[in-house]
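# A closer look at the structure
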Amino acid sequence: MFDLIDKLEDKETLEREEWITLLSAYQDDALRDYAAQKARAVAQSVYGHDVYVRGLIEFTNYCRNDCYYCGIRRSNPDADRYRLTKEDILACCEEGWELGFRTFVLQGGEDGYFRDEWYEELIHEIKQRYPKCAVTLSVGERSGETYRRWYEAGADRYLLRHETADDVHYRSMHPQEMSPEHRKKCLYTLREIGYQVGCGFMVGSPGQGPEQLAQDMEFIYELKPHMVGIGPFVPAAGTPFADKAQGSLELTLFLLSLLRLQEKKVLLPATTALGTIHPLGREMGIRAGANVVMPNLSPVAVRKKYALYDHKICTGEEAAECRGCLNRRMESIGYRIVTDRGDSPYIR
């Protein structure tokens, strides 16, 4: 099994059956440690001990979609809905800039209330105030024309988790009107336009096994994204998957290591979901090969309302507290948070 880790590091790809064999062995502590050690060395060869921060601004929890796993799905009657104003968002950016954030991630549901022009004006304003920052959007599936307009307005990056590369599995987690083909097409369109593109998937979602994860790794190898965001599946109240089992910490960490060995320069977050299922989850993620953390810049008053899943951490902390806490956490494992846009090495 260790030879498959070596092969992945060398060739940056495996055959489907090799992936299935390797992923099926994730409970082997020695194998995970071996993969993490190699992944850590690869990450340090590219990024040293630097960890990039992204200032996350969750500006709306309205969503037109009804994904079976998501706490802000449109049919969740318990979701406490909110929208931030443009002024609210700019205030978050101002605070974040003062704290050393050089990337702002505008994340929300697919909310039809905000028109394309609203996004354009907001992006223009952020870029005018902070010309050296990066603006990342994470607002779901849109038309190619809309993506292009936002890119021309100044957006740099776009995050769109593909959720699963297995079409049958995708349809088991989403309503019929949502299409795995369209989601993948969006990612390729974003790349063609010129965005730094991020995809990703949940680990341990209902119906997922080594076969599905193997397809995810193959899809990522083909897409060659600049960023990959993965995290454990965490059940959310008010969803069809509320009573499903939580995703595995061990498997998530193993996959972070495998992603680092396959996509050596990729920007790889240690996600909030990791920190939700284990107190040291984000530190473990960095030690498994990740190099990005995404603290929350949203106003404290709305953080608990952006409940994609249950028991989300850091919903009561001010932005300065989050930043200070993460600094200490990263320093405790020999890393440092840097004031940097943290662009992908692929575009340099």
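Described below are features of the structure shown in this document. Because the structure is a prediction, the values reported are computed rather than measured. (Residues numbered from 1 in each chain as written. Predicted model: local features only at pLDDT ≥ 70, side-chain atom pairs only at ≥ 80, totals over all residues. Heavy atoms only, no water.)

## Observations regarding the sheet that holds strand β8 (residues 292-293)
If you walk across this open sheet you meet the three strands as β8-β1-β9, and the pairing is parallel. Edge positions in the sheet fall to β8 and β9 (336-338), since each has one partner strand and no second. The pairing of strand β1 (residues 50-53) with β9 spans three bridges and is parallel. Looking at β9, one finds that V51 is bridged to I337. Lying on the sheet, helix α14 (residues 319-332) is in contact with β1, β8 and β9; it crosses β9 at an angle near 135°. (Pairing = 2+ DSSP bridges. Helix = DSSP H or I, 4+ residues; strand = E, 2+ residues; numbered from the N terminus. Contact = heavy atoms within 4.5 Å. Axes fitted to C-alpha atoms, helices over the stretch in contact; angles between N-to-C directions.)

## Details of the pairing of strand β4 (residues 134-138)
A regular strand carries its side chains on alternate faces of the sheet. When you tally the buried positions in β4, you get five out of five residues, the bulk of the element. Judged by which residues are buried, β4 turns out to be covered on both faces: A134, T136 and S138 on one side and V135 and L137 on the other are all buried. Of the strand pairs in this sheet, strand β3 (residues 103-108) and β4 are connected by five bridges, and their pairing is parallel. Counterpart to T103 in the pairing with β4 is A134. For the crossover that starts at β3, traverses helix α5 (residues 116-129) and ends in the parallel β4, the hand is right-handed. The pairing of β4 with strand β5 (residues 157-159) spans two bridges and is classified as parallel. (Buried < 20%, exposed > 50% of the residue type's maximum accessible area, 1.4 Å probe, protein only. Right-handed = clockwise from strand over helix to strand, strands pointing away.)

## Concerning the packing of aromatic side chains
Enumeration according to the criterion identifies 18 aromatic pairs in this entry. Ring geometry for Y47 and Y52: centres 5.8 Å apart, planes at 90°, overall edge-to-face. Neither residue differs from the other here; Y47 and Y52 are each classed as buried. With a centroid separation of 5.5 Å and 70° between ring planes, the pair formed by F59 and F114 is classed as edge-to-face. Of this pair, F59 sits in strand β2 (residues 55-60) while F114 sits in the loop between β3 and α5, and the two are 55 residues apart along the sequence. The ring of W97 carries the charged tip of R102 above its face, separated from the ring centre by 3.6 Å. The ring of F101 has R323 sitting right over it, with the charged end atom 5.7 Å from the ring centre. (Phe/Tyr/Trp six-rings, centres within 6.5 Å; stacked < 30°, edge-to-face > 60°. Lys NZ or Arg CZ within 6 Å of the ring centre and 35° of its normal.)

## Remarks on the pairing of β1
By the alternation rule, side chains of β1 split into D50 and Y52 and V51 and V53, which are all buried. Relative to β8, β1 runs parallel, the two being bridged by two bridges. The residue bridging V53 from the neighbouring strand is V293, located in β8.

## Thoughts on the sheet that holds β4
Strands in a sheet are paired, the pairing made by backbone hydrogen bonds, and the direction either parallel or antiparallel. Across the sheet, which stays open at both edges, the six strands sit in the order β2-β3-β4-β5-β6-β7 with parallel pairing between neighbours. Both outer strands of the open sheet, β2 and β7 (227-232), are each paired with one neighbouring strand and no more. This sheet shows a mean twist of 20° between the axes of neighbouring strands, independent of strand direction. The sheet strands contacting helix α10 (residues 249-262) are β6 (196-203) and β7, and the helix crosses β7 at an angle near 165°.

## Focus: empty space enclosed by the protein
Enumeration according to the criterion identifies two cavities of 30 Å³ or more in this entry. Approximately 50 Å³ is the volume found for the second largest cavity. Every residue lining the second largest cavity is listed: R40, A43, Q44, G48, D50, I286, G289, A290, N291 and Y335. Here the lining of the second largest cavity takes three residues from helix α3 (residues 29-47), the largest share from any one element. When grouped by side-chain class, the residues that make up the lining of the second largest cavity number four nonpolar, four polar and two charged. (1 Å grid on protein atoms, 1.4 Å probe; cavity = no way out; pocket = protein on both sides within 12 Å on 5 of 7 lines; lining within 4 Å. Points joined across faces, edges and corners; volume = space filled by probe spheres on them. Nonpolar A, V, L, I, M, F, W, Y, C, P; charged D, E, K, R; others polar.)

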